[in-house]
Amino acid sequence: MKKNNHIKDVIIVLLGNFLVAVSVAFFILPNNTLTGGVAGVAVALKPILPFIPSVWLINGLMVGLYIVGAIFLGKSFALKSLISTFSYSAFVSLLTYITTLFPKGTFIMQPILASVYSGLISGIGLGLCFRVNASTGGMDIPALLIHKYMHISSGNSVMIIDALTVLLGVTTYGLEPALIGVLSVFASG
């Protein structure tokens, strides 16, 4: 029975990562929406660190935060998050490629719509991962540390971290894109 639970957990983690990747590939990237998460941090820091490719920032943050999560959240969490680290990257790459197969502009929409729908879809994905004590990695790890040590709900912890990430974007993109990004964070939480 325990092996069946492990397989079920892996499937749930993969599904959660797939949904978060859907929100990024179909809503966030085509609309350049400032949002939370590691990608949001990389986007917010890009104007400040133009000499570092965004992918390097994302990968560096993912590895560093994974190590912190493995230390403070345990072996089981680390194993499930390792799955997320690879599956999320693969899903984002695949789904981003799929968007190129559609006519240009297919996924372009009002920034508020992109923000709200990306938040709702990624929130469901994050919730699935959290349900089995895993995450999609990245900025979920500080949120789960807040949840563990400060006893704030997982959803509220994610909202806090993502709101801080979006607010970082105020310094590089201005107030309006950051306020639109807060809608995504709120919908996700």
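Everything here concerns the structure above.
What you see is a predicted model; the values in this text were computed from it and never measured. (Residues numbered from 1 in each chain as written. Predicted model: local features only at pLDDT ≥ 70, side-chain atom pairs only at ≥ 80, totals over all residues. Heavy atoms only, no water.)

**A look at the overall build of the chain**
(1) Moving on: Counting its regular elements, the chain contains eight helices and zero strands.
(2) Moving on: When its helices and strands are written in sequence order, the chain yields α-α-α-α-α-α-α-α.
(3) Moving on: Computed over its C-alpha atoms, the radius of gyration of the chain comes to 16 Å, within 12% of the 16 Å expected for a compact globule of 189 residues.
(4) Moving on: Dimensions of the chain, computed from the C-alpha atoms along their principal axes, are close to 50 × 35 × 30 Å.
(5) Moving on: Looking at the chain residue by residue over its 189 residues, the buried ones come to 42%.
(6) Moving on: Expressed as a percentage of contacts within the chain between residues at least 6 apart in sequence, the contacts between residues at least 24 apart total 74%.
(7) Moving on: Carbon and sulfur atoms make up 74% of the accessible area of the chain, which totals about 10000 Å².
(8) Moving on: The distance from the centre of the 9 positive side-chain charges to the centre of the 4 negative ones in the chain is 14 Å. (Helix = DSSP H or I, 4+ residues; strand = E, 2+ residues; numbered from the N terminus. Rg over C-alpha atoms; globule rule 2.2 N^0.38 Å. Buried < 20%, exposed > 50% of the residue type's maximum accessible area, 1.4 Å probe, protein only. Contact = heavy atoms within 4.5 Å. Areas by Shrake-Rupley, 256 points an atom, 1.4 Å probe, with all protein chains shown as cover. Lys, Arg positive; Asp, Glu negative; His and termini not counted. Charge placed at Lys NZ, Arg CZ, Asp CG, Glu CD.)

**Regarding the nonpolar core**
(1) Moving on: Among the nonpolar cores identified, the biggest contains 27 residues, and Phe26, Leu73, Leu95, Met139 and Ile141 are the most heavily contacted of them.
(2) Moving on: Per element, the largest residue contribution to this core is seven residues, and it comes from helix 1 (residues 2-31).
(3) Moving on: Excluding residues that lie within four positions of it along the chain, leucine 73 makes contacts with Ile141, Leu144, Leu145 and Lys148. (Core = buried A, V, L, I, M, F, W, Y, C linked by side-chain atoms within 4.5 Å.)

**Here's the deal with the packing of aromatic side chains**
(1) Moving on: In the structure shown here, the tally under the stated rule is four aromatic pairs.
(2) Moving on: Taking 6.2 Å as the distance between ring centres and 20 degrees as the angle between the ring planes, the aromatic pair formed by phenylalanine 27 and tyrosine 117 counts as stacked. You can see phenylalanine 27 sitting in helix 1 and its partner tyrosine 117 sitting in helix 5 (residues 111-131), a full 90 residues away along the chain.
(3) Moving on: With 5.2 Å between their ring centres and 80 degrees between their planes, phenylalanine 102 and phenylalanine 107 make a pair best called edge-to-face.
(4) Moving on: Three or more aromatic residues joined by ring pairs form one cluster here, namely Phe26, Phe102 and Phe107. (Phe/Tyr/Trp six-rings, centres within 6.5 Å; stacked < 30°, edge-to-face > 60°.)

**Points about helix 5**
(1) Moving on: Given a rise of 1.5 Å per residue, 21 residues ought to cover 30 Å, and the 30 Å separating the end C-alpha atoms of helix 5 matches this to within 8%.
(2) Moving on: Every buried residue of helix 5 is listed here: Ala114, Ser115, Ser118, Gly119, Ser122, Gly123, Gly125, Leu126, Cys129 and Phe130.
(3) Moving on: Just downstream of helix 5, asparagine 133 is the residue with a positive phi angle, here 60 degrees. (Expected span 1.5 Å × (residues − 1).)

**Comments concerning the packing of helix 5 against helix 8 (residues 175-188)**
(1) Moving on: Direction vectors running N to C along helix 5 and helix 8 enclose 30 degrees, while the axes themselves pass 7 Å from each other. As judged from the angle between their axes, helix 5 and helix 8 are roughly parallel. Once helix 5 is placed against helix 8, the crossing between them reads as right-handed. Seen from helix 5, the contacting residues are Pro111, Ile112, Ser115, Val116, Ser118, Gly119, Leu120, Ser122, Gly123 and Leu126; seen from helix 8, they are Ile180, Gly181, Leu183, Ser184, Ala187 and Ser188.
(2) Moving on: For the contact of helix 5 with helix 8, the class distribution of residues is eight nonpolar, eight polar and no charged. (Axes fitted to C-alpha atoms, helices over the stretch in contact; angles between N-to-C directions. Parallel < 35°, antiparallel > 145°, perpendicular 65-115°, else oblique. Left-handed = near helix turned anticlockwise from the far one by under 90°. Nonpolar A, V, L, I, M, F, W, Y, C, P; charged D, E, K, R; others polar.)

**Quick word on a nonpolar patch on the surface**
(1) Moving on: Side chains of Val63, Ile67, Val68, Ile71, Phe72, Tyr149 and Met150 sit close together on the surface and give an oily, nonpolar patch of about 700 Å² of accessible area.
(2) Moving on: Secondary-structure elements contributing two or more residues to the nonpolar patch are helix 3 (54-73) and helix 6 (140-150).
(3) Moving on: Of the residues forming the nonpolar patch, the biggest block, five residues, is contributed by helix 3.
(4) Moving on: Tracing the backbone through its elements, the reader meets isoleucine 67 in helix 3. (Patch = residues over 30% accessible without salt bridge, like charges linked within 9 Å, V, L, I, M, F, W, Y side chains within 5 Å. Salt bridge = Lys/Arg side-chain N within 4 Å of Asp/Glu carboxyl O.)

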